[in-house]
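Okay, here's what each chain looks like letter by letter:
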Amino acid sequence: MEIIVNQDAELIANETSSQQDGENDVVLLPRGLALSPAETYPITSRENSNFTVIIGGAGCGKTTLVTSLYQMFLKGSFGNYLFAGSQTLSAFEDRAFHTRLKSNRKNPETPRTERNSLDSILHLRLSKDGRKVNLLLSDFSGEDYNDIIANIDAVKDNFGIISSAQKLMLVIDGERLLSIRYRREEVQKVMDIFQTIYDANLLNPTSKTLIAISKYDLIKKDQNEAKIRLYINSILPQFREKFSSIANNISFCEVAAMPANENNVAMGYGLDKVLVFLTDCEREYAIISDQQDTVSQFDLYSERTKNE
């Protein structure tokens, strides 16, 4: 059997048809790197998928959140879902390395996404009750988001892909909420980014938005937690009042994706709520494998091993 690593989206698209025609015995494997929008098409065209754009400033925890979600499945099932594959395993592992003991870091911390990383989409394929759903999660740079505030032309030019997203996550840096000086500035920054996207008419009318407060472990251990809590409780009403036309589509959660001390908050705190948000869909998201027009390499491998 010949194994070839895919070099472009066209090869991926031709993968299944070649095998079904019996023309060769070639197994095409994904490169495992982050995907460009064009490279996600073979996934979205053959199985049900939810594309989520994750929005927030530099250092707020966007990459850590996505990477931690992947790492929860390394332990087994999570949120009643099973890991069913990924075409971006290498990308996940590159990001996850910095959170592990062998990286020799004192604290778990993923590297910041580089500026102009507008073609960086991560993929998780999950299974629940024999049904499949693909999660496509953006990993765009916070600096790039900062650059488009109040610039409608820039957001249209650089982030037009947001119009195809079923979900948006607005990540607010919980560490900055600890400071009276910075908390209003942090929330206003995220609100301004969202306002620019809204004014550019890039929001899908049916899309849902989740406001996620990151680094909740730092808030939990702060001596002024009660006062900080009062401010946090005002954030969702602020957004719903500002964006009243879509208020019912905005929800809220708190996350400690990779806490420095698990004695205060467990690793992955709040990610179960994030997963519910990511997998929830107005339409029937589940497509039973046997009814799909095409199947992935993970399904093909499973079918082959049954006969061995």
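One structure accompanies this document, and this report is about it. (Residues numbered from 1 in each chain as written. Predicted model: local features only at pLDDT ≥ 70, side-chain atom pairs only at ≥ 80, totals over all residues. Heavy atoms only, no water.)

Helix and strand content of the protein chain: 11 helices and 10 strands. Taken across its 308 residues, the protein chain has 51% of its residues classed as buried. Counting contacts in the protein chain only where the partners sit at least 6 residues apart, residues at least 24 apart contribute 75% of the total. Only carbon and sulfur atoms are counted for the fraction: they give 46% of the accessible area of the protein chain, which is about 15200 Å². (Helix = DSSP H or I, 4+ residues; strand = E, 2+ residues; numbered from the N terminus. Buried < 20%, exposed > 50% of the residue type's maximum accessible area, 1.4 Å probe, protein only. Contact = heavy atoms within 4.5 Å. Areas by Shrake-Rupley, 256 points an atom, 1.4 Å probe, with all protein chains shown as cover.)

With that settled, consider the packing of helix α7 (residues 180-199) against helix α9 (residues 225-242). At a closest axis distance of 12 Å, the pairing of α7 and α9 adopts a crossing angle of 20 degrees. Between α7 and α9, the angle falls in the class roughly parallel. When you trace α7 past α9, the crossing you get is right-handed. Across the interface between the two elements, R183, R184, V187, V190, M191, F194 and Q195 of α7 pack against I228, Y231, I235, Q238, F239 and K242 of α9. Classifying every residue of the contact of α7 with α9 by side-chain character gives 8 nonpolar, 2 polar and 3 charged. (Axes fitted to C-alpha atoms, helices over the stretch in contact; angles between N-to-C directions. Parallel < 35°, antiparallel > 145°, perpendicular 65-115°, else oblique. Left-handed = near helix turned anticlockwise from the far one by under 90°. Nonpolar A, V, L, I, M, F, W, Y, C, P; charged D, E, K, R; others polar.)

Moving on to α9. The end-to-end C-alpha distance of α9, which contains 18 residues, comes to 26 Å, matching closely the 26 Å that a straight helix rising 1.5 Å per residue would cover. Summarising the contacts, the buried residues of α9 are in contact with β7 (167-172), α7, β8 (208-213), α8 (216-221) and β9 (250-254). (Expected span 1.5 Å × (residues − 1).)

Between helix α3 (residues 62-72) and helix α4 (residues 89-96), whose axes approach to 10 Å, the crossing angle comes to 115 degrees. Regarding the angle of α3 to α4, the classification is roughly perpendicular. With respect to the hand of their crossing, α3 and α4 are arranged in left-handed fashion. Mapping the contact onto sequence places T63, V66, T67, Y70 and Q71 in α3 and L89, F92, E93, R95 and A96 in α4. Residue composition of the contact of α3 with α4, grouped by class: 5 nonpolar, 3 polar and 2 charged.

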